[in-house]
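Per-entry structural report
Next come the chains, spelled out residue by residue.
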Amino acid sequence: SLLSASLLGIKFANPLLNASGVHCRYTDELDALAASAAGSLITKSCTLLEREGNPEPRYAATALGSINSMGLPNQGYAYYLDYARRHNYATKPLFFSVAGLSLEDNLTMMAAVRDAYIPAIVELNLSCPNVPGKPQIAYDFEAMDRMLAAVSAEYALPFGVKMPPYFDIAHFDAAAAILNKYPLVAFVTCINSIGNALVIDIENESVVIKPKDGFGGIGGDYVLPTALANVNAFYRRCPDKQVIGCGGVRSGEQVFMHLLAGASLVQVGTALHEDSPRIFARLNRELSAIMERKGYRSIEALRGKLKTL
Ligand SMILES: O=C(O)c1[nH]c(=O)[nH]c(=O)c1Cl
């Protein structure tokens, strides 16, 4: 149909899903996404063991988006693996987000997903900005190279990576060159939050989140141009991979922008957090209306068709 999408040869009724971390820590949240108009869903990035995460307040919404320093709160990978075993894949695909605190933990968790023989799609999070003392892997190119070499060898199935934003052409080039060494990295999700921003409340003359002296990853309207640039940069540099867009989506127009930039699927974070899974029905309606107005009969007809001047 008009909004059909595909990734790794798997069919999606529409390109929309949640961004990992939003509305996906607990089974009731995941069930609500499964029952929503989203074309698929993804679990909260998980660690080997359950984590409480950082002290609250650790999320705040602003007029232009959000800031968070959650600290990877999650129920541990066994909880999400159990959910992934019970999911009905005939209704919609499920993504499984992994964010181990070490290479060994990532290998253990991905081996468990591999050995479960379920069609869950793994998105390896290389970009969590909020675990104190753990610099994010994707900003350390040698560490990212080592991680992908070991994970590719162990998991031995196609998987994807969740990337942070880059801001320098040389960094797009270097990061893409590493990803292109690994054919099993079948998709690249761009972007994670822009790390270590600072939101100030002038009434209280204070930061708005407790962890890390108020420093946290931002999402929402703040990040849209950076998200689109990263989607398009990796779309251009990784012709053998697909790209999932994430960042700044709150209406059909931003979904359309991500698709033009080359995205195959589009994730929604801040706007989903501030609304509810009902947002997916609205986004699908708005995207359909734009496509019909412009005469597009399929997403493939517009994907990656961004014009330059
Ligand atoms: O603090 C978090 O849990 C978190 N927050 C983000 O904005 N991105 C991530 O990948 C993670 Cl893992």
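Quick summary incoming for the structure in this document. Residue numbers here run from 1 along each chain, matching the order of that chain's written sequence. In keeping with the model being predicted, local features are shown solely for residues with a pLDDT of at least 70 and side-chain atom pairs are shown and tallied solely at 80 or more, while totals for entire chains, interfaces and linings include all residues. Working from all heavy atoms in the structure, the side-chain values ignore hydrogens and water.

Let us now look at the pairing of strand β8 (residues 121–125). Working definition: with a 1.4 Å probe on protein chains only, accessible area under 20% of the residue-type maximum means buried, over 50% means exposed, and in between means partly exposed. Elements are defined by DSSP. Helices are runs of H or I of four residues or more, strands are runs of E of two residues or more, and each kind is numbered from the N terminus. For β8, the tally of buried residues reaches 5 of 5 residues, placing the bulk of the element in the interior. Going residue by residue along β8, you find I121, E123 and N125 tucked away on one face and V122 and L124 tucked away on the opposite face as well. A pair of strands is considered paired only if DSSP assigns at least 2 bridges between the two. Where strand β7 (residues 94–98) lies against β8, 4 bridges are found, and the strand directions are parallel. Bridge pairing links S97 to E123 in β8. Whether a crossover is right-handed depends on one test, that the path from the first strand over the helix to the second runs clockwise when the strands point away from the viewer. In this region the chain leaves β7, passes through helix α3 (residues 103–115) and returns to the parallel neighbour β8; the handedness of that crossover is right-handed.

Moving on: the packing of aromatic side chains. Geometry of aromatic contacts follows a simple scheme: Phe, Tyr and Trp rings, the Trp one being its six-membered ring, pair when their centres are within 6.5 Å, and the pair is stacked under 30 degrees between planes, edge-to-face over 60, tilted otherwise. Per the counting criterion, the structure on display carries 9 aromatic pairs. Taking the centre distance of 6.0 Å and the plane angle of 85° together, the rings of Y155 and F159 count as edge-to-face. Given the relative accessible area of 0%, F159 is considered buried. Ring centres of F172 and F234 lie 6.2 Å apart, and the angle between their planes is 85°; on these two criteria the pair is classed as edge-to-face. You can see F172 sitting in helix α5 (residues 169–179) and its partner F234 sitting in helix α6 (residues 224–237), a full 62 residues away along the chain. Each member of the pair, F172 together with F234, is buried. Clustering of aromatic rings is evident, with ring pairs tying together Y139, F141, Y166, F172 and F234.

This part covers the nonpolar core. Throughout this description, the term nonpolar core refers to a set of buried Ala, Val, Leu, Ile, Met, Phe, Trp, Tyr and Cys residues connected via side-chain atoms within 4.5 Å. Counting 85 residues, the largest nonpolar core has L148, M163 and F234 as the members making the most contacts within it. Any two residues whose heavy atoms approach within 4.5 Å are treated as being in contact. For L148, the residues in contact, after removing those within four places along its chain, are L124, L126, F159, V161, I178, L179, Y182 and V185. The next biggest cluster of nonpolar side chains, apart from the first, holds 10 residues, and it includes A5, L7, F12 and I42.

With that out of the way, let us pick up the environment of G248. Within the secondary structure, G248 is located in the loop between β15 (242–246) and α7 (252–261). In the structure, G248 is positioned 183 residues away from G65 in sequence and 8.1 Å away in space, judged by C-alpha atoms. Look past the residues within four positions of G248 in its chain and what remains in contact with it is G220, V223, L224 and Q254.

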